[in-house]
Amino acid sequence: MNSGQKEFDVLVVGGGPAGMAAAVSAAESGASVGIVDDNPQLGGQIWRGEVQNCESEASRWFERLCASNANQLCGMRVIDQPGLGVLRAEGCKGFCDLSYRKLVLANGARERFLPFPGWTIPNVMGAGALQALVKSGLPVQGKRVVVAGTGPLLLAVAAYLRKRGAEIVLICEQASRSSLAKFGLSILSQRQKIGQALSLRKDLSGIRFFTNCWPVAAGGDGILQAVIISHGNEVEKVACDYLACGFHLVPNTELAALVGCAVKDGYVVVDDFQQTSIPSVFCAGEPTGIGGVELSLIEGQIAGLAASGKNKASQKLFSMRTRLQKFATRLDRGFALRPELKKLALPETIICRCEDVTYGSLKKYTSWRAAKLQTRCGMGPCQGRVCGPATEFFLNWKPDSVRPPVFPTILENLAAMPCQPEQSHSGAMRGPQ
Amino acid sequence: MPEQIAVTVNGRHVAVSSGTTVAAAVILAGAHCRTSISGEPRGPLCGMGICFECRVEIDGQRHQRSCQIVCSEGMQVSTSE
C-alpha cells in the first residue's frame, strides 16, 4: 500500500455542486486547493456523469475548476482525522494524509430509507440510487419501474428513467394532495423553479401519479417481482422490475461531527460565512440544510470565498442565499413524513441490513446505544447510516456520537502514523490572515 | 458508440460500455452482490457508496463497493452466489 501526503490552504471534501463551487471560489482567490471525493468522477449525485456534458451548468463549473490550480482527488474517501488539521483519505492504491489551513465540508446528503416488508429484496433501491446506477451504465430500456417515497427527487428520477426508455408504471408520493398544492403554490415566487416544474410535467405526462400513496410490501423470489402499495383505503399489487424508493434526504454530518463541529437537529451549525463552530472549518450544501443545487452552489461559493479570506466578496451572495433558503423550508413542510409511515415495518422486517436485525428485536430497547450494544443494530459497515435515520423516525432514537474511522477501512491504513506534509502553500495565503 | 469493456462476473463474460460501474455489470450479469448474514441475497441500495450492500470481490480483493468502482478491461468480479 502506498501512502502520501499533501498540504493545501483550502481542502474541500465533496465534489458535488457545493464542493465544486467552494473549490473554484477558493482557487480563483489564489489559495492552493484540494478537492477530494469518494466517487470516480466529480459532480456529486445530482451532476453525476454531467461534468463532461458540454452546455450543462455542471460542465461550466468543471471547466472553471480545471482551469484553476485545484488538485482533484477522486476515488478517495475520508476515513479519519489522524491529527489536528489533517484528514486521511483512502483510495484503492493506499491512503493520503491531507493537511489544510481551512477545511470546507461539502459532503452532501444521502436518501432516507424507511424499512417495509421486502425492502431488502434485490432491485428495491433508492430513487436516487436507481438514477445513479442508470447514469453509470445500467440499461433500463423496457423495464417496469415504480417510483415511490417523497420529495421532488421522485419526479426528477421518473423523468430521467423515462427518457432512458423505462416504463414508469406508477409514482407514489406519500404527501397529501393538499400539502403538495401548498408547496406548488409557494414555489410560484421562484421563476427558475416554475420552469423546472413545467418541464417535468411535460416529461411525465400520462404517468399514473398518486398522492397519499406509499409502498407497504415488496415481493419476489430472490429478485423483485411486485410491490404492494397503499392508496387511500385500498391496497394494490403492482408488477415491476425495479422499485426506486426514497423518503427525501438525510444530511451527511458524520465527518463534521468527527472534526468536532457542532451539529444541531441533524444539521451542521454554520454562521453567515458558512463557518462552523470550529473556526478553521466551513460547511456548505446539504449538511447545513436540504436545499437543492442552487442553494448548494451559493453556499459553496460563500464558503470558498470566506475560507480564502474574501469575506467581502462572499457577503454579496448573502441575499441570494436567504431567498433560496426559503425554498428549503417549504420543501421540509411540503414533504413532511406522515405518521402512518411509522407503522411500515412489521416485527420480522429487517431494519439493520448490515447485521440483519429485525424491528421486533429492537422495539424492547429505549435508545440507539442500548440497541447497538444488545443487537448489533448499526454496528455493521454502513455504521448506522441507513438504519439510524429509520430508527430515528420509527422509534425517536437520537444518533450517538461519531467515532473514527467514519468509514470502514483496513487496519494498516488506520494505524499508520500521520505523514509529515510537504510545504506547498501558495504565496497568496502566506502571512497572518 | 462508447468503447466496450469485457469483464467477468462469477466467470460469466459481460460486455459493458466504458464508464460502467461494477454494480451495473453485476445486475446485467443477473447476479446479486452479497449474501446477508442470515442468508438473504442483496443488491445495491444507495448507489452512492454509503450502504455497503453492493460489496463484491474484485480481482481477488474482497469487500469492494461495486457502485463506486468503474469496470476495467479483464476485471474479474465474484459475488457471493
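Residues numbered from 1 in each chain as written. Chains lettered and ligands numbered in written order. Predicted model: local features only at pLDDT ≥ 70, side-chain atom pairs only at ≥ 80, totals over all residues.

So, the overall build of chain B
Short version of the rule: Secondary structure elements follow DSSP: runs of H or I no shorter than four residues count as helices, runs of E no shorter than two count as strands, and numbering proceeds from the N terminus. Throughout, the radius of gyration refers to the C-alpha atoms, and the reference size of a globule is 2.2 Å times the residue count to the power 0.38. Counting other C-beta atoms within 10 Å of its own, a residue is labelled buried from 20 upward, exposed at 12 or fewer, and partly exposed in the gap between, with every C-beta atom placed from the backbone. Contacts are defined on C-beta atoms placed from the backbone: any two residues whose C-beta positions lie within 7 Å are in contact.
From N to C terminus, chain B includes 1 helix and 7 strands. Reading the helices (α) and strands (β) of chain B from amino to carboxyl end gives β-β-α-β-β-β-β-β. Taken against the 2.2 N^0.38 rule, which gives 12 Å for 81 residues, the C-alpha radius of gyration of chain B at 12 Å falls within 12% of a compact globule. Once the C-alpha set of chain B is aligned to its principal axes, its extents read approximately 40 × 25 × 20 Å. In chain B, which comprises 81 residues, the share counted as buried stands at 52%. Pairs at least 24 apart in sequence give 37% of the contacts found in chain B among residues at least 6 apart.

Some points on the environment of G60(B)
All names here are of chain B. Within the secondary structure, G60 sits in the loop between strand 5 (55-58) and strand 6 (61-65). Given 7 C-beta atoms within a 10 Å radius, G60 is considered exposed. Between the alpha carbons of G60 and M75 there is a distance of 10.0 Å; along the sequence they are 15 residues apart.

Topic: helix 10 (residues 318-334) of chain A
Residues and elements named next belong to chain A. Formally: Given the number of residues in a helix, its expected span is that number minus one, multiplied by 1.5 Å. Each direction from the helix axis to a C-beta atom contributes to the arc, which is the arc of those directions.
With 17 residues, helix 10 ought to run about 24 Å at 1.5 Å a step, and its terminal C-alpha atoms sit 25 Å apart, in line with that. Considered for burial, the residues of helix 10 that qualify are L324, L331 and G334. With its buried residues spanning 80° around the axis, helix 10 presents them on a single face. Turned more than 90 degrees off the buried face of helix 10, the exposed positions are S319, T322, T329 and R333.

Some points on the sheet that holds strand 8 (residues 124-125) of chain A
Residue and element names in this part refer to chain A. For clarity, the cut-off: Two strands qualify as a pair provided that DSSP identifies no fewer than 2 bridges between them. For every element, the axis is a line fit to its C-alpha atoms; helices are fit only across the contacting stretch, and the angle between N-to-C directions ranges from 0 to 180 degrees.
If you trace the 5 strands from one edge of the open sheet to the other, you get 8-15-9-10-11, paired in parallel fashion. For this open sheet the edge positions go to strand 8 and strand 11 (209-210), each flanked by a neighbour on one side alone. Here strand 9 (residues 144-150) runs beside strand 10 (residues 167-173); their pairing, made up of 6 bridges, is parallel. Among the inter-strand pairings, G149 is bridged to a residue of strand 10, identified as E173. Lying on the sheet, helix 3 (residues 127-135) is in contact with strand 8, strand 9 and strand 15 (242-247); it crosses strand 15 at an angle near 130°. Contacting strand 9, strand 10 and strand 15, helix 4 (residues 153-163) crosses the sheet at an angle of about 180° to strand 10.

Describing the interface of chain A and chain B
Selection rule: Three residue categories are used. Nonpolar comprises Ala, Val, Leu, Ile, Met, Phe, Trp, Tyr, Cys and Pro, charged comprises Asp, Glu, Lys and Arg, and polar comprises the others, including Gly.
Listed per partner, the contact involves 29 residues of chain A and 28 residues of chain B. When residues of the side of chain A that touches chain B are traced back to their parent elements, those giving at least two are strand 7 (109-111) and helix 3 of chain A. Counting residues per element, the side of chain A that touches chain B draws most heavily on helix 3 of chain A, at 5 residues. Grouping the amino acids of the side of chain A that touches chain B by side-chain chemistry returns 13 nonpolar, 9 polar and 7 charged.

What about the packing of helix 8 (residues 293-307) of chain A against helix 10 of chain A?
Residues and elements named next belong to chain A. The line we're drawing: The sense of a crossing depends on the near helix, which, turned anticlockwise from the far helix by less than a right angle, makes the crossing left-handed and, turned clockwise, makes it right-handed.
Remark: helix 8 packs on helix 10, axes separated minimally by 9 Å, with the N-to-C direction vectors making an angle of 140°. Every pair of crossing elements has a handedness; the one defined by helix 8 and helix 10 is left-handed. Within the contact between the two elements, helix 8 uses E294, L295, I298, E299 and I302 and helix 10 uses M320, R321, L324, Q325 and A328. Counted by class, the contact of helix 8 with helix 10 contains 6 nonpolar, 1 polar and 3 charged residues.

Observations concerning the sheet that holds strand 7 (residues 76-78) of chain B
Residues and elements named next belong to chain B. The strand order 2-1-7-5-6 describes an open sheet built from 5 strands, whose pairing is mixed. Both edges of this open sheet fall to strand 2 (12-17) and strand 6, since each of them pairs with a single strand only. Pairs of neighbouring strands in the sheet enclose a mean axial angle of 40°, with direction left out of account. In terms of strand pairing, strand 1 (residues 4-9) meets strand 7 through 2 bridges, oriented parallel. Following the sheet pairing, V9 is matched in strand 7 by V77.

So, the confidence of the model for chain B
Rules: pLDDT is a per-residue confidence score from the predictor, ranging from 0 to 100.
Overall, the predicted model of chain B reaches an average pLDDT of 95, with 96% of residues at or above 70. For this predicted complex, the interface score ipTM comes out at 0.97, while the overall pTM is 0.93.

Considerations on the pairing of strand 6 of chain B
All names here are of chain B. In terms of strand pairing, strand 5 meets strand 6 through 3 bridges, oriented antiparallel. Directly across from V56, in strand 6, lies its bridge partner Q64. Joining the antiparallel neighbours strand 5 and strand 6 is a turn of 2 residues, in which D59 adopts a positive phi near 50°.

With respect to the nonpolar core
Definition in use: Note on terminology: a nonpolar core is any set of buried Ala, Val, Leu, Ile, Met, Phe, Trp, Tyr and Cys residues joined through C-beta atoms within 7 Å.
Of all hydrophobic cores here, the largest spans 88 residues; its most connected members are V147(A), L243(A), A25(B) and V26(B). Setting aside chain neighbours within four positions, we find V26(B) in contact with V9(B), A31(B), C33(B), V56(B), S66(B), V77(B) and T79(B). In terms of nonpolar packing, the next biggest core, distinct from the first, is built from 60 residues, A22(A), V51(A), F95(A) and V281(A) among them.

Notes on unusual backbone geometry
Following P404(A), the chain continues to P405(A) via a peptide bond in cis, the omega torsion being -5°. Here H248(A), not a glycine, exhibits a phi torsion of approximately 65°, which is positive.

Here's the deal with the confidence of the model for chain A
Interpreting fine coordinate detail is not advised for predicted regions of low pLDDT. For chain A, per-residue confidence averages 91 on the pLDDT scale, and residues scoring 70 or more make up 93% of the total. Below a pLDDT of 50 lies the segment residues 423-433 of chain A, which in the model reaches 18 contacts outside its immediate sequence neighbourhood of four places, other chains included.

Quick word on the pairing of strand 3 (residues 71-74) of chain A
Residues and elements named next belong to chain A. Applied cut-off: When the strands point away from the viewer, a crossover counts as right-handed if the route from the first strand across the helix to the second turns clockwise.
In terms of strand pairing, strand 2 (residues 33-37) meets strand 3 through 4 bridges, oriented parallel. Looking at strand 3, one finds that V36 is bridged to L73. The handedness of the strand 2 to strand 3 crossover, carried by helix 2 (residues 57-67), is right-handed.

A closer look at the packing of helix 3 of chain A against helix 4 of chain A
All names here are of chain A. Inclusion rule: Here the angle decides the label: under 35 degrees means roughly parallel, over 145 means roughly antiparallel, 65 to 115 means roughly perpendicular, and every other value means oblique.
Taken N-terminus to C-terminus, the directions of helix 3 and helix 4 make an angle of 30°; their axes are 9 Å apart at the nearest point. As far as their axial angle goes, helix 4 and helix 3 are roughly parallel. In terms of crossing hand, the pair formed by helix 3 and helix 4 is left-handed. In contact with A127, G128, L130, Q131 and V134 of helix 3, helix 4 contributes L153, L154, V157, Y160 and L161.

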